[in-house]
Amino acid sequence: MATHLPNNQIFSRNSHLSITSQQSKLTGMSFRPVKLPRSTGKLTLKCSLVDSSRTEPVGGDINKLVDFLYEDLPHLFDEQGIDPTMYDESVKFRDPITKHDSISGYLFNIALLKKLFTPDFQLHWAKQTGPNEITTRWTMIMPFVILPWKPELVFTGTSVMGINPKNQKFCSHLDFWDSIKNNDYFSVEGLLGVIKQLRPYKTPDLETPKYQILRRTATYEVRKYFPFVIVEKKGEKLAGSTGFNDVAGYIFGKNSTKEKIKMTTPVFTQAFDNKQSNISIQIVLPSEKDLSSLPEPELEALSLRKVEGGYAVVTKFSGKPTDEVVAEKEKSLRRAVLRDGLKPKEGCMLARYNDPGRTWSFILRNEVLIWLDEFTLE
């Protein structure tokens, strides 16, 4: 399976990115137009969470509520759970396909998600966005273990949480998903987006480079990759396999100490420029290895290199990754990220999650990645 950020890793409030564990929801009474992130591509209506006649702000206490969310949300899906006393009995929760109008319904929804998915909720930030309003940005990864291929449902978005100024409790919780335009309940677009994520992909049960999904749109993910080490050799085509036997030979013992190194996934093929004049085929080495602990390759054509990681946009597809298919995926991905205001670098990478055993080609997992110059999670 893919290696994401460890479930128990939590980033502090002052980190550039913060992470925790939980899910979000809301409703509201008055409406005002608000522009969602670029990935949604349009304006939508956002509930103000509290009656517009209640204009008195929470004031300095809102900072305490922000701090509370940083402390409380990591417990959403663990044995401790969230603190229900901080929510109105009639708290209104909405996401595109779910709604509840009580704290008991809110807690039931959390319990149901725990039972079906074992979710990993990652809180990136929480901040005041109105007199009686806090917005959070998050990622939710939910392995659907009921199905044999165990698909991962991934959602990213924001939650707007309304505060009742009379008792300083949360009275509403509204989720906006990055992957859809219609976030109103009930969203057929949202339901179809969930069903689409259930399609089978075969991912070998091997270690992969660690990454964190920061944003998932309808067509791509933005990931933060953490550093990893590769063995590589010059290749010929982005979708080709020239040089693979040599780089695989390194982990099978063709190195200075004859050490056999654990297999990982995927196999990367990288084009360093848009003309694909410089191609490298790469195998990722296990995370416990670093450059100082690795034996030297026997072949001079092989080299070891640390990839510093960074931000990448990624699109996933199945089937045989021919040159034509990969080229079209790369063009479509580049157009999409440019449309959304991101800054892609030259070149791209093909990731092939080939299973050492036999796998039907229509469920093979492939990805095209493009590194970004920069990315700010807003």
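Each value, and the rule that gives it
Residues numbered from 1 in each chain as written. Predicted model: local features only at pLDDT ≥ 70, side-chain atom pairs only at ≥ 80, totals over all residues. Heavy atoms only, no water. UniProt positions renumbered as here; feature names shortened; annotations may be inferred. Phe/Tyr/Trp six-rings, centres within 6.5 Å; stacked < 30°, edge-to-face > 60°. Helix = DSSP H or I, 4+ residues; strand = E, 2+ residues; numbered from the N terminus. Lys NZ or Arg CZ within 6 Å of the ring centre and 35° of its normal. Buried < 20%, exposed > 50% of the residue type's maximum accessible area, 1.4 Å probe, protein only. Pairing = 2+ DSSP bridges. 1 Å grid on protein atoms, 1.4 Å probe; cavity = no way out; pocket = protein on both sides within 12 Å on 5 of 7 lines; lining within 4 Å. Points joined across faces, edges and corners; volume = space filled by probe spheres on them. Nonpolar A, V, L, I, M, F, W, Y, C, P; charged D, E, K, R; others polar. Domains from an automatic or database assignment. Salt bridge = Lys/Arg side-chain N within 4 Å of Asp/Glu carboxyl O. Polar contact = N/O pair within 3.5 Å; in protein donor to acceptor, adjacent residues only side chain to side chain. Contact = heavy atoms within 4.5 Å. Axes fitted to C-alpha atoms, helices over the stretch in contact; angles between N-to-C directions.

As recorded in an unreviewed UniProt entry, the chain goes by SOUL heme-binding protein and comes from Papaver somniferum. UniProt, in the comment section headed Sequence similarities (unreviewed entry), describes the chain in these words: "Belongs to the HEBP family."

Undergrad: Can you walk me through the packing of aromatic side chains in this structure?
TA: For any pair of aromatic rings, the description rests on two quantities: the centre-to-centre distance and the angle between the ring planes. All chains considered together, the criterion is met by 13 aromatic pairs. Judged by centre distance (5.6 Å) and plane angle (90 degrees), the rings of Tyr 185 and Phe 186 are edge-to-face. Taking the centre distance of 5.2 Å and the plane angle of 45 degrees together, the rings of Tyr 211 and Tyr 225 count as tilted. Residue Tyr 211 is located in strand S9 (residues 211-216), and its partner Tyr 225 is located in strand S10 (residues 221-225); the two are separated by 14 residues in the primary sequence. Feature note: the residues Phe 68, Tyr 87, Phe 93, Tyr 106 and Phe 170 constitute an aromatic cluster, connected by ring pairs. The ring of Trp 125 carries Lys 127 above its face, with NZ or CZ at 4.3 Å from the centroid.

Undergrad: Quick question: what am I supposed to make of the pairing of strand S8 (residues 169-177) here?
TA: If a strand is regular, its side chains alternate between the two faces of the sheet. Most of S8 sits inside the fold, with 8 of its 9 residues counted as buried. As paired strands, strand S3 (residues 87-95) and S8 are joined by 4 bridges and run parallel to one another. Bridging across to S8, Arg 94 finds its partner in Leu 174. Looking at chain direction, strand S7 (residues 152-164) and S8 are connected through 8 bridges and run antiparallel. If you follow Val 160 over to S8, its bridge partner there is Leu 174.

Undergrad: Could you clarify how one ought to interpret the layout of surface pockets in this entry?
TA: Gaps between atoms show up when a probe of the same size as a water molecule is rolled over them. Considered as a void within the structure, the largest pocket measures approximately 800 Å³ in volume. Those elements that provide at least two residues to the lining of the largest pocket are S7, S9, S10, strand S15 (310-317) and helix H5 (323-339). No other element matches H5, which puts 6 residues into the lining of the largest pocket. In the lining of the largest pocket, the residues fall into 14 nonpolar, 7 polar and 12 charged. Counting the residues that make up the lining of the largest pocket, at least three belong to each of domain 1 (62-198) and domain 2 (221-371).

Undergrad: What should I look at first to understand the pattern of salt bridges in this one?
TA: Should their charged atoms come close, side chains of opposite charge can pair. Under the criterion given, the structure shown has 15 salt bridges. Here Glu 367 and Arg 223 are joined by a salt bridge, their closest N and O atoms 2.8 Å apart. Here the residue Glu 367 occupies a position in strand S17 (residues 366-371), and Arg 223 occupies one in strand S10, the gap between them amounting to 144 residues. Residue classification places Glu 367 among the buried residues on the basis of a relative accessible area of 0%. Here the salt bridges share partners, and the residues they tie into one network are Glu 221, Arg 223, Arg 365 and Glu 367.

Undergrad: Is there a simple way to think about the side chain of Thr 135 in this case?
TA: Tracing the backbone through its elements, the reader meets Thr 135 in strand S6 (residues 133-143). Accessibility expressed as a relative area gives 7% for Thr 135, which makes it buried. Side-chain polar atoms of Thr 135 contact the side chain of Thr 129, separated by 2.7 Å. The contacts of Thr 135, once residues within four sequence positions are left out, are Trp 125, Ala 126, Lys 127, Thr 129, Thr 158, Ser 159 and Val 160.

Undergrad: Before we go on, may I ask you to explain the pairing of strand S5 (residues 120-130) in this structure?
TA: Where burial is concerned, most of S5 is hidden: 8 out of the 11 residues are buried. In this structure, the hairpin formed by S5 and S6 is closed by a connection of 2 residues.

Undergrad: Please clarify how unusual backbone geometry should be interpreted in this entry.
TA: Backbone phi values are negative for most residues with the exception of glycine, while trans is the configuration of most peptide bonds. In this structure, Phe 186 follows Tyr 185 across a cis peptide bond, with omega equal to -5 degrees. Looking at the element boundaries, Phe 186 is found in the loop between S8 and helix H3 (188-196). Cis geometry is adopted by the peptide bond preceding Pro 266, which originates at Thr 265 and carries an omega value of 0 degrees. Tracing the backbone through its elements, the reader meets Pro 266 in the loop between helix H4 (244-251) and strand S12 (267-271).

Undergrad: What should I look at first to understand the environment of Ser 361 in this one?
TA: With respect to the element layout, Ser 361 can be found in the loop between strand S16 (348-352) and S17. In this structure Ser 361 comes out as partly exposed when scored by relative accessible area, which is 42%. Once the C-alpha coordinates of Ser 361 and Ser 318 are considered, the two residues, 43 residues apart in sequence, prove to be 7.2 Å apart. Leaving out residues up to four positions away in the same chain, Ser 361 has contacts with Ser 318, Gly 319 and Lys 320.

Undergrad: For this particular structure, what's the right way to read the sheet that holds S6?
TA: Where strands meet in a sheet, backbone hydrogen bonds hold them as pairs that are either parallel or antiparallel. Spatially, S4-S3-S8-S7-S6-S5 is the arrangement adopted by the 6 strands of the open sheet, whose pairing is mixed. Each edge of the sheet is formed by a strand with only one pairing partner; in this case those strands are strand S4 (98-100) and S5. Neighbour-to-neighbour, the strand axes of this sheet turn through a mean angle of 20 degrees, independent of strand direction. The sheet contact formed by S6 and S7 spans 11 bridges and is antiparallel.

Undergrad: Explain the sheet that holds strand S14 (residues 303-307) to me, please; I cannot follow it from the model alone.
TA: Spatially, S9-S10-S15-S17-S16-S12-S13-S11-S14 is the arrangement adopted by the 9 strands of the open sheet, whose pairing is antiparallel. Sheet topology places S9 and S14 at the edges, where each strand pairs with a single neighbour. Taken pair by pair, the neighbouring strands of this sheet meet at an average axis angle of 30 degrees, ignoring direction. With 5 bridges connecting them, S12 and strand S13 (residues 279-284) associate as antiparallel partners. Each bridged residue has a counterpart across the sheet, and for Gln 270 the counterpart in S13 is Ser 280. Sitting on the sheet, H4 touches strand S11 (228-234), S12, S13 and S14, and the angle it makes with S13 is about 25 degrees.

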